[in-house]
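A closer look at the structure
In case you want the letters, here they are:
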Amino acid sequence: MNTQSAQSGNWSSRVKQKTLHLAYWTAAYLVTMAIGSFGPELIWSYNNIASIAAILLNALVGFGMIYANIQYLKEQDEMMQKIQLESMAISLGVGIVAGLSYSLADATNVISGDAEISFLVILISLTYLGSIFIKYRSLK
Amino acid sequence: MKNRLKVLRAERDWTQADLADALEVSRQTVNAIETGKYDPSLPLAFKMARLFDKRIEEIFQDEEGN
């Protein structure tokens, strides 16, 4: 049991490490998103090259975040991976169906304003969190 | 699927956390398996069998077959 505990101690610390990595990348993504959003007005006075650089940096950090998320998922145990997979599938489905309906409502002028991507992101995030919570509770 | 995980664990005086550590899974996963809410994959079932020095069918029983 001692050898096994030592091995699993490694597993637990690996999970913690990957979770921390994902948190760092997510924080970095948020920071670069804020720079890209508010930088043109507050820092570089709508200089096109600076804006492009900020957008590229944001996209690069975004890919880093995706890679960190893949590594995080790989380190989870099989039940947690199942919960994540099902939650992501539900979020993807809701995102596509609701997103297309929202876009259609905009194109046909059923809604007064323009369709905003941020609403879709919020919907997908809430669906993902809700699914994880419900599935996690159901297996408790 | 029924299993004797809780009994085998108790015989060895292990907590769910001890077993989870040995299997490299979370304590929640051990709990879900013990309560029959989650059926483990074949590799994890073999890992349990090795850990308890039992055959898989000595740990897990198919309810439909009984």
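Residues numbered from 1 in each chain as written. Chains lettered and ligands numbered in written order. Predicted model: local features only at pLDDT ≥ 70, side-chain atom pairs only at ≥ 80, totals over all residues. Heavy atoms only, no water.

Some words on the interface of chain A and chain B
At the interface, 16 residues of chain A touch 19 residues of chain B. At the boundary of chain A with chain B, total buried surface from both sides reaches about 1500 Å², with 57% on carbon and sulfur atoms. The tally of links between chain A and chain B comes to zero salt bridges. Broken down by element, the residue count for the side of chain A that touches chain B peaks at six residues, all from helix H1 (residues 2-42) of chain A. Across the side of chain A that touches chain B, the residue classes break down as six nonpolar, five polar and five charged. (Contact = heavy atoms within 4.5 Å. Buried area = accessible area lost by both parts, 1.4 Å probe. Salt bridge = Lys/Arg side-chain N within 4 Å of Asp/Glu carboxyl O. Helix = DSSP H or I, 4+ residues; strand = E, 2+ residues; numbered from the N terminus. Nonpolar A, V, L, I, M, F, W, Y, C, P; charged D, E, K, R; others polar.)

With respect to the packing of helix H2 (residues 16-23) of chain B against helix H4 (residues 42-52) of chain B
Packed helices, taken two at a time, are described by the angle their axes make and the gap between the axes. Residue and element names in this part refer to chain B. The geometry of H2 relative to H4 is characterised by a closest axis approach of 10 Å and an angle of 115° between their N-to-C directions. By the angle between their axes, H2 is roughly perpendicular relative to H4. Note on packing geometry: the crossing formed by H2 with H4 is right-handed. Touching Leu19, Ala22 and Leu23 of H2 are Leu44, Lys47, Met48, Leu51 and Phe52, all from H4. Split into classes, the residues belonging to the contact of H2 with H4 amount to seven nonpolar, no polar and one charged. (Axes fitted to C-alpha atoms, helices over the stretch in contact; angles between N-to-C directions. Parallel < 35°, antiparallel > 145°, perpendicular 65-115°, else oblique. Left-handed = near helix turned anticlockwise from the far one by under 90°.)

Concerning H4(B)
All names here are of chain B. Residues of H4 that are buried: Leu44, Ala45, Met48, Ala49, Leu51 and Phe52. The arc enclosing the buried residues of H4, seen along the axis, measures out at 165°, which places them on a common side. Exposed side of H4, more than 90 degrees from the buried face: Leu42, Pro43 and Arg50 are the residues found there. Immediately beyond the C-terminal end of H4, within one or two residues, lies Asp53, with a positive phi of roughly 55°. (Buried < 20%, exposed > 50% of the residue type's maximum accessible area, 1.4 Å probe, protein only. Arc of directions from axis to C-beta.)

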